[in-house]
Each structure stands twice: as structure tokens, then as C-alpha cells.
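# Chains, contacts and geometry: an overview
If you want the building blocks of each chain, they are given just below.
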Amino acid sequence: MSVTVKICGLTDAPGFDAAVAAGADMVGFVFYPPSPRAITADAAAALSARHAGGPLRVGLFVDADDDTIAATLAAVPLDLLQLHGAEPPDRVAAIRRRFGVPVMKAVGVATRAEVARAIADYGAVADRMLFDAKPPPAGTPGALPGGNAAVFDWSVMHGMSVPVPWLLAGGLTPDNVARAIATVSAPGVDVSSGVERARGVKDPALIRAFVAAAKAASREGSA
Ligand SMILES: O=C(O)c1ccccc1NCC(=O)[C@H](O)[C@H](O)COP(=O)(O)O
């Protein structure tokens, strides 16, 4: 089966158009104002309207309250809510129930025990999961809850049974994504920094290269 490819943190037409044309399965908008990739709901709606159909539109939130999520959804239709903060399982379930939109819980992991804990906590309340590197320690200049180009030891995913579709993230690039997919048999991959020419500025050529490398790796894996 083809690997699911998500391009996160899109903010402009060249990046968005490149992701759609390259065949990305999901495109992500960051609704987290401190991020260099932050986008307003209106700007995301305008980008999204450039192409009917195509990839799932994913809205990324960090510990957002209901009013923020509701206002965003009123402006831009989203297919999936990515929760990239410290949302506990009952908050994930409540968001899913209240908005009727599937949710993907992002978790930062470094060990097998943390992967197992995350699956136990969120496997029954989230529609999808995303395994990312842990963010740098609080206070590190420029550190974000995600999107830090940090790689974690992919081998901690070996043999883990995740009960929902999941994505591997954290420091992926066009050069390492095939190895990542092969190493952990990841059914999906997510990238932001690795397809940028500068922090927060997407590079259409890198987006094309990333999607092509991920799709080729999944074809080879299933051949
Ligand atoms: O990208 C951001 O600015 C961001 C801000 C706050 C929470 C999450 C954020 N990004 C998440 C992602 O882009 C990805 O899901 C993931 O962390 C991989 O990012 P990267 O290592 O940059 O490829």
C-alpha cells in the first residue's frame, strides 16, 4: 500500500501548489501563532480554495481552546485536526466529539516505553497518531512544540502495534525518508523543515523530491 505523505506548515501558493501537484496525501496548516509557519484561518482558506479536492486539509493546533478551533473551522474546512500540544486523552476525545472532525494526536517520543505509553493513552481516542521527536528543552531559543528538524531513533517503533493509522515525523528530508520508511515500515510520513529553503519558507523543488522519494520507497517496499 502507498505510504501516506503529509507536507506540513504550508503558507504560500508555490508551496501549496507544489504539494498538491506532487501528490501529497495531506497538507498541513499551522494554527499556532508563535510559529514561523503560522497562518491565519483566512489565508489557509484562500490557499485551500486553489484546488478542489486533492489532499486532506490538516489543521495543526497546540493546546487550543474550543473557541479557537471553532473559529478556525468556520473559516476553513479541515479534514483532520492535528493536536500537537500536551492535550491529555480526555481533551482529545472531547475535541473529536465536539467538532465531529477526525483527530490526529502528535506525540514526542525517544524510547520504546514512551511509544507504548502513547499508544496506551491515545490509541483508543485518536483517529490517527503522529510520532515525532521530542521538542528541545523549554527555553531553548527558537524551540517549538514540533517542526524542529529533530530526528528520533526510529528503531523504537519496531514491532509496535499501533491500532490507528500513523505517521512518522521529525527531521525527515528527501534524502532520509526512504531509509525511514524501510527502517520502521512506516505507513505514513510527515515533513516540514526538510522541505524548506529557510525556516518557515517552503521550497517547491524539495517538496517534489520528498513526495517522490517517499512514494518510490513505498513502491519498492511493496514490490
Ligand atoms: O511547524 C511548526 O512550526 C510547529 C509548531 C508547533 C507545533 C508543531 C509544529 N510542527 C509540526 C510539524 O511540522 C511536523 O508535524 C513534525 O513536527 C515534523 O517537523 P519537522 O521535523 O520540521 O519535519
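Residues numbered from 1 in each chain as written. Predicted model: local features only at pLDDT ≥ 70, side-chain atom pairs only at ≥ 80, totals over all residues.

Under an unreviewed UniProt entry, the name given to the chain is N-(5'-phosphoribosyl)anthranilate isomerase, and the source organism is Elioraea tepida.

To continue, consider unusual backbone geometry. For A149, which is not glycine, the phi torsion reads 60° and is therefore positive. Mapped onto the elements, A149 comes out in the loop between β6 (128–132) and β7 (166–169). For A149, a count of 15 C-beta atoms within 10 Å gives the class partly exposed. Phi is positive for S185, which is not a glycine, with a value near 50°. Here S185 lies in the loop between α6 (177–184) and β8 (188–191). (Helix = DSSP H or I, 4+ residues; strand = E, 2+ residues; numbered from the N terminus. Buried ≥ 20, exposed ≤ 12 C-beta atoms within 10 Å, placed from the backbone.)

Neighbouring the ligand are 27 residues, the closest being S35, G146, G147, S192 and S193. Broken down by secondary-structure element, the contributors of at least two residues to the shell around the ligand are β6 and β8. Taken together, the residues of the shell around the ligand sort by class into 13 nonpolar, 11 polar and three charged. (Near = placed C-beta within 6 Å. Nonpolar A, V, L, I, M, F, W, Y, C, P; charged D, E, K, R; others polar.)

Burial along β8 is two-sided: G188 and D190 and V189 and V191, pointing in opposite directions, are all buried. Bridge count for strand β1 (residues 4–7) against β8 is four bridges, and the pairing is parallel. Bridge pairing in β8 links I7 to V191. In terms of strand pairing, β7 meets β8 through two bridges, oriented parallel. By the bridge assignment for β8, L168 is matched with V189. Between the parallel pair β7 and β8, the chain is carried across by α6, and the sense of this crossover is right-handed. (Pairing = 2+ DSSP bridges. Right-handed = clockwise from strand over helix to strand, strands pointing away.)

Strand order around the closed barrel formed by eight strands is β1-β2-β3-β4-β5-β6-β7-β8, with parallel pairing between neighbours. Taken over all neighbouring pairs, the strand axes of this sheet differ in orientation by 25° on average, direction set aside. Note: strand β5 (residues 103–108) against β6, five bridges, orientation parallel. For A106, the partnering residue across the bridge sits in β6 and is L130. (Axes fitted to C-alpha atoms, helices over the stretch in contact; angles between N-to-C directions.)

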